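For reference, the chains in residue letters:
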Amino acid sequence: MTGGGGRRMGWRPRDWSLRVKLTLGYALVFAVTILLGAVLVYALARDSLTGSLDTTLRETASVAQGSIEDQNGRWTFSSELRPTGDLAIELLSPTGRTLARAGQEEHDQAIPLRVGFVSTAEHRVLTLPVEGGLFLRVSRPSNTLVELLETLARILSAGSVLMVMVACGAGYVLADRALRPVDAVARTAEGIARRGTYQERVPAAPGQDEMARLTSTVNAMLDQLEGTIEREKSFARIAAHELRTPLTVLKGRLDLTLERPREAADYQRALSGMQGRVDALVTLSESLLALARTDAPVRLERVELAGSAAAVVDALDEVARRAGRQVQLDLNESWVQAEAEGVGRALANLIENALKYGTGGVLVRVREREVTVRSVGPGPDQAQWTRLLEPFERGAGTQGTAGSGLGLPLVAALARRWNADLLPRWEEGAFEVSLRFPA
């Protein structure tokens, strides 16, 4: 198949756009996971390092608190307090003035007097109240902590970028593997459509996952399609055969009639004989058309069974009189979801069969969501019932009775359209068929 520009518009072995979409989807999931992990690692590392620094400040403050001395009204630290490293210890007045200092030299910037931990641009500070209304402040430069965190952030950023790239590659591999069975299904479907080889099946995927269900569903659809095509082919062959016989007979009678000049009475008799053949052809054609229409979309409506049955019996009154039979009615009001025209045709076929093959009166009974046609006589062979539901199939011993073998199959097809049940029942000396509609 080609498009307007002459390009081939068919299945492409590689639908890159779909693979790219799946790849981006996988990569996005991986990237978000990696970034969240990196943020979490950074937050945990920052909290851990800050906690370690705070522990050092608390321990130093505890030691320094025991080293505060009052020497003749002057507050100072004992000479034994010697903080290590870059720690700074200060004893402050209530106004924030430095009374004593140990350790690192004075800070380059003023640190606010606030109890608890405080972080500035360069220091981590712990301030605690002590006796005499004074305050003890312990601080330490935070540049080492900042450098560690910056280094960790760079490592995590670079690692995240690398992992996202790996995730893109892994996402494409996963997307490609996920779409390979779809490729196989699409190629097989394209081959079936191109070659018409509806007997082919797509490769079944192992397991019970979505692809396994997809391939099994497609194969089930192809099985049903094959069955439908084979039935249609068989139906067409049999229909052609059934139409050919009466047409051949009719043509033969026409040729014989036109073979030589005849009297008007002879022409009248010949045409009267042909009229019966034409009527049989019309009936057969209408039955074939009705059977073919059973594949059309269903349009359900509310149908009153008793009224439909009464109308059909009234229309078949002349047929019953010619057969020397009587059709009785036993009706109760019953509404169902069906198709009015189809219900009438189904009832007409069942009643005509009862008049044609029965040996006595016919009873049409309507009850809640069910209509039954009962006739006197043994009815068809019970073992042949399933076969009689196929088009052009007729029971044993009915070859001398006019008919095409389409009436009962049409009723069965209509019942399937309405999700109704076609139920036969054999009794002693009687046979009945019921159409039972769903609730």
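Please read these numbers as outputs of a predicted model, since none were measured by experiment. (Residues numbered from 1 in each chain as written. Predicted model: local features only at pLDDT ≥ 70, side-chain atom pairs only at ≥ 80, totals over all residues. Heavy atoms only, no water.)

A. Structural context of the overall build of the protein chain. Each helix and strand in the protein chain was counted, giving nine helices and 14 strands. Counting across all 439 residues of the protein chain, residues that qualify as buried make up 34%. For the protein chain, contacts bridging at least 24 residues in sequence account for 61% of all contacts bridging at least 6. By element, 56% of the accessible surface of the protein chain is carried by carbon and sulfur atoms, the whole surface being about 26,700 Å². (Helix = DSSP H or I, 4+ residues; strand = E, 2+ residues; numbered from the N terminus. Buried < 20%, exposed > 50% of the residue type's maximum accessible area, 1.4 Å probe, protein only. Contact = heavy atoms within 4.5 Å. Areas by Shrake-Rupley, 256 points an atom, 1.4 Å probe, with all protein chains shown as cover.)

B. How the structure looks around the sheet that holds strand β13 (residues 421–427). Spatial ordering of the open sheet is given by β9-β11-β12-β14-β13, a layout of five strands whose pairing is mixed. Looking at strand neighbours, the two that pair on one side only are β9 (327–330) and β13, the edges of this open sheet. Geometrically, the sheet is characterised by an average inter-axis angle of 15 degrees between neighbouring strands, direction not taken into account. In terms of strand pairing, strand β11 (residues 362–367) meets strand β12 (residues 370–376) through six bridges, oriented antiparallel. Following the sheet pairing, leucine 363 is matched in β12 by arginine 374. Running over the sheet, helix α7 (residues 340–357) touches β9, β11, β12 and β14 (430–436) and is turned about 15 degrees from β12. (Pairing = 2+ DSSP bridges. Axes fitted to C-alpha atoms, helices over the stretch in contact; angles between N-to-C directions.)

C. Up close: the side chain of glutamate 370. Take glutamate 370: it is sitting in strand β12. Overall, the relative accessible area of 18% leaves glutamate 370 in the buried class. What glutamate 370 contacts, discounting residues up to four positions off in sequence, is Leu305, Ser334, Arg365, Ser434, Leu435 and Arg436.

D. Inspection of the sheet that holds strand β6 (residues 123–129) at higher detail. Reading across the sheet, the five strands line up as β4-β3-β7-β6-β5 and stay open at both edges, with antiparallel pairing between neighbours. Strands with a single pairing partner mark the edges of an open sheet, and in this sheet they are β4 (98–103) and β5 (116–119). In this sheet, adjacent strand axes meet at a mean angle of 20 degrees when their direction is disregarded. With five bridges joining them, strand β3 (residues 88–92) and β4 adopt antiparallel strand pairing. Paired with leucine 91 across the bridge in β4 is alanine 100.

E. Representation of a nonpolar patch on the surface in the model. Taken together, the side chains of Leu28, Val32 and Leu36 make up a nonpolar region of the molecular surface, amounting to roughly 290 Å² of accessible area. With respect to the helices and strands, leucine 28 occurs in helix α1 (residues 16–65). (Patch = residues over 30% accessible without salt bridge, like charges linked within 9 Å, V, L, I, M, F, W, Y side chains within 5 Å. Salt bridge = Lys/Arg side-chain N within 4 Å of Asp/Glu carboxyl O.)

F. Structural view of unusual backbone geometry. Even without being glycine, arginine 369 reaches a positive phi, approximately 60 degrees. Of note in this structure, asparagine 419 is not a glycine but carries a positive phi near 60 degrees. Locating asparagine 419 in the fold gives a position in the loop between α9 (407–417) and β13.

G. A look at the packing of aromatic side chains. Per the stated rule, a full pass over the model turns up four aromatic pairs. Here the aromatic rings of tryptophan 385 and tryptophan 426 are separated by 6.0 Å at their centres, their planes lie at 85 degrees, and the arrangement is edge-to-face. Of this pair, tryptophan 385 sits in helix α8 (residues 385–388) while tryptophan 426 is found in strand β13, placing the two residues 41 residues apart along the sequence. For the pair tryptophan 426 and phenylalanine 431, a centre-to-centre distance of 5.2 Å together with 45 degrees between the ring planes defines the contact as tilted. Clustering of aromatic rings is evident, with ring pairs tying together Trp385, Trp426 and Phe431. Taking the ring centre of tryptophan 335 as reference, the NZ or CZ of arginine 302 above it sits at 4.6 Å. (Phe/Tyr/Trp six-rings, centres within 6.5 Å; stacked < 30°, edge-to-face > 60°. Lys NZ or Arg CZ within 6 Å of the ring centre and 35° of its normal.)

H. Local environment of the side chain of serine 78. Mapped onto the fold, serine 78 is located in the loop between β2 (74–77) and β3. Every residue in contact with serine 78, bar those within four places of it in the chain, is listed here: Ser67 and Glu69.

I. Region of interest: the nonpolar core. Ile351 and Phe437 are the most contacted members of the largest nonpolar core, which has 40 residues in total. The set of elements that each furnish at least two residues to this core consists of α5 (305–315), β10 (335–338), α7, β11, β12, α8, α9 and β14. The element contributing the most residues to this core is α7, with eight residues. Excluding residues that lie within four positions of it along the chain, isoleucine 351 makes contacts with Val312, Val313, Leu316, Val327, Val364 and Val373. In terms of nonpolar packing, the next biggest core, distinct from the first, is built from 16 residues, Leu87, Ile89, Ala100 and Val130 among them. (Core = buried A, V, L, I, M, F, W, Y, C linked by side-chain atoms within 4.5 Å.)

J. Structural detail: the confidence of the model for the protein chain. Per-residue pLDDT for the protein chain averages 81, and the proportion of residues at 70 or more is 89%. Under a pLDDT of 50 for its full length, residues 1–15 has, in the predicted model, 15 contacts with residues more than four places off or in other chains. (pLDDT = per-residue confidence, 0-100.)

K. Geometry of the pattern of salt bridges. Counted by the stated rule, this structure contains 18 salt bridges. Between arginine 124 and aspartate 54 there is a salt bridge, and its shortest N-O distance comes to 2.8 Å. Taken together, the residues span a long stretch of sequence, with arginine 124 in strand β6 and aspartate 54 in helix α1 at a distance of 70 residues. For the pair shown, arginine 124 and aspartate 54 are each scored as buried.

L. Quick peek at the environment of valine 118. By secondary structure assignment, the location of valine 118 is in strand β5. Given a relative accessible area of 8%, valine 118 falls into the buried group. C-alpha of valine 118 to C-alpha of serine 139: the two residues are 21 residues apart in sequence and 9.3 Å apart in space. Excluding its chain neighbours within four sequence positions, the residues that come into contact with valine 118 are His123, Arg124 and Val125.

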